[in-house]
Amino acid sequence: MNILGIETSCDETAAAVVCDANVASKRVLSNVVFSQISEHIEYGGVVPEIAARAHLHYIRPTVERALSEANMTLAEIDGVAVTSGPGLIGGVLVGVMVAKAMAIAQNKPFLGINHLEGHALTVRLTHDVPYPYLLLLVSGGHCQFVAVEGLGRYRVLGRTLDDAAGEAFDKVAKMMDIGYPGGPAVERLALTGDAERFVLPRPLIGRKDCNFSFSGLKTSVRTTLQKGAVVTDQDKADLAASFQKVVGDHIVDRTKYALSLVDERYQHLVVAGGVAANKYLRGRLAELAEKMGRAFVAPPLGLCTDNAAMIAWAGLERFKAGFTSDLNISPKPRWPLESLGE
Ligand code: KG4
Ligand code: ZN
């Protein structure tokens, strides 16, 4: 099967072709991501109206490039999969309308895919990870533990009580004025910083659950800055490293608890979403998994942040399982993973 995937739910206009001639040959034939960072940078975050217009502008060349890099015409595609939520509705609408139009024009099967399911299943495109597995989904909009029991069967074990992890990275970077998007900027700066320099509070210590909280930590970074303790570039690097370390401590502590909630069939700990691109955090999770006798698996960095290969792959799994969507589906701004099995 050759599946065309389209993703427009946030600030990346993306299209990809993924194929799977047999189980051993699953492959990404093309993966085109047009990042709109330069259009949002002066606002320090994604502006939904600007994003929607940019998607409209870039969607056609992006899809055309994905097809040509895969050396394929639309006629050779076996199905079209598109993010139909959750996300910024203006952008999702653009992707869904284009995907529907192509499916109708070429008389191809069509599937609306949940963006979070795309992140959740990516690892099965790049690695041989069988169901079930424990997933830590950490992105700009979401932060949750999911017991992935099978295709479309997701049980959320814990989630953030306030900000998502990526949101905390972005806000801290904005406060420190070190760039956007914040995650990569903080990670880069932290490389030269002393993570023990600033003592920041570890959230939810001792709580017997696997929820997250980042707002207190964020406030203490703000207080540290307001006290005038951060003057030199080295001070900034130290604060970035101290913040990232506490995020790591918090994630490790919560993951330990989440692992205690799943049985021995769950042999893999998987991390996905934009924050999963953070090498420091990946290292901390790998260390923990090894200690707890689980295999740690993470998709390659480029497939952690938003992309369309993950949407094409989720589409491929679903087409193979016999799912298709009605052409009259509407995009959903909110669409929890748990509701997919209903
Ligand atoms: O999955 P994603 O691309 O979009 C959403 O669906 O949210 O995630 C974007 C988020 C942003 O908050 C960004 O700052 C964060 O992922 N991120 C990182 C890193 N790369 C991206 N956070 C920490 N370290 C990184 N290297
Ligand atoms: Zn995402």
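Reading the values: rules and limits
Residues numbered from 1 in each chain as written. Chains lettered and ligands numbered in written order. Predicted model: local features only at pLDDT ≥ 70, side-chain atom pairs only at ≥ 80, totals over all residues. Heavy atoms only, no water. Near = heavy atom within 4 Å. Polar contact = N/O pair within 3.5 Å; in protein donor to acceptor, adjacent residues only side chain to side chain. Areas by Shrake-Rupley, 256 points an atom, 1.4 Å probe, with all protein chains shown as cover. 1 Å grid on protein atoms, 1.4 Å probe; cavity = no way out; pocket = protein on both sides within 12 Å on 5 of 7 lines; lining within 4 Å. Sits in = over half its atoms within 2 Å of the grid points. Helix = DSSP H or I, 4+ residues; strand = E, 2+ residues; numbered from the N terminus. Phe/Tyr/Trp six-rings, centres within 6.5 Å; stacked < 30°, edge-to-face > 60°. Buried < 20%, exposed > 50% of the residue type's maximum accessible area, 1.4 Å probe, protein only. Lys NZ or Arg CZ within 6 Å of the ring centre and 35° of its normal. Points joined across faces, edges and corners; volume = space filled by probe spheres on them. Nonpolar A, V, L, I, M, F, W, Y, C, P; charged D, E, K, R; others polar. Domains from an automatic or database assignment. Contact = heavy atoms within 4.5 Å. Buried area = accessible area lost by both parts, 1.4 Å probe. Salt bridge = Lys/Arg side-chain N within 4 Å of Asp/Glu carboxyl O.

As a further point, take the site of ligand 1. The environment of ligand 1 is made up of 19 residues, and the closest members are G140, D170, G183, E187 and D306. One of the side-chain N or O atoms of N278 is found 3.0 Å from a nitrogen atom in ligand 1. Relative to its free-state accessible area of 550 Å², ligand 1 is covered by the protein chains to the extent of 89%. If you map ligand 1 onto the pockets, it falls in the largest pocket. Elements represented by at least two residues in the shell around ligand 1 include exactly helix 4 (115–126), helix 5 (165–176) and helix 6 (182–190). Tallying contributions element by element places helix 6 first for the shell around ligand 1, with four residues.

The next thing to look at is the packing of aromatic side chains. What describes a pair of aromatic rings is the distance from one ring centre to the other and the angle between the planes of the rings. Inspection of the entire model under this criterion finds five aromatic pairs. Geometrically, the ring pair formed by Y131 and Y133 is stacked, given 6.0 Å between the ring centres and 10° between the ring planes. In this structure Y131 comes out as partly exposed when scored by relative accessible area, which is 23%. Judged by centre distance (5.2 Å) and plane angle (20°), the ring pair of F145 and F212 falls under stacked. Remark: F212 occurs in the loop between helix 6 and helix 7 (215–226) and F145 occurs in strand 7 (residues 143–150); sequence separation between them is 67 residues. Neither residue differs from the other here; F145 and F212 are each classed as buried. A network of ring pairs unites the aromatic residues F145, F212 and F214 as a single cluster. Taking NZ or CZ as reference, R124 lies 3.8 Å from the ring centre of Y131, over its face. The lysine or arginine in question, R318, covers the ring of F323, its NZ or CZ lying 4.6 Å from the ring centre.

Roughly 1500 Å³ of volume is contained in the largest pocket. Around the largest pocket, the lining is made up of 49 residues, and of these C10, S139, G140, G141 and H142 lie nearest the centre. When residues of the lining of the largest pocket are traced back to their parent elements, those giving at least two are helix 4, strand 7, helix 5 and helix 6. Among the residues forming the lining of the largest pocket, the class breakdown is 19 nonpolar, 17 polar and 13 charged.

So, about the domain arrangement of the protein chain. By the assigned domains, the protein chain splits into domain 1 (2–122 + 303–341) and domain 2 (131–298). Once you take the C-alpha centre of each, domain 1 and domain 2 turn out to be 27 Å apart. Facing 24 residues of domain 1, the contacting portion of domain 2 comprises 21 residues. When the two sides are added together, the surface that domain 1 and domain 2 hide from each other amounts to roughly 1800 Å², 66% of it contributed by carbon and sulfur. It is C304, L337 and E338 in domain 1 that bury the most area against domain 2; as a group they hold 29% of the surface buried on that side. On the surface where domain 1 and domain 2 come into contact, there are one salt bridge. The partner of R159 in a salt bridge is E338, and the shortest N-O contact between them spans 3.5 Å. Taken together, the connections running from domain 1 to domain 2 amount to seven residue pairs in polar contact (both at pLDDT 80 or more).

Checked against the element boundaries, E7 lands in strand 1 (residues 2–7). Of note is the side chain of E7, whose polar atom sits 2.7 Å from the side chain of S9. At 2.8 Å, the side chain of E7 forms a polar contact with the side chain of H115. When near neighbours in sequence (up to four residues on either side) are disregarded, E7 contacts E12, T13, A14, T83, H115, D306, N307, A308, M310 and I311.

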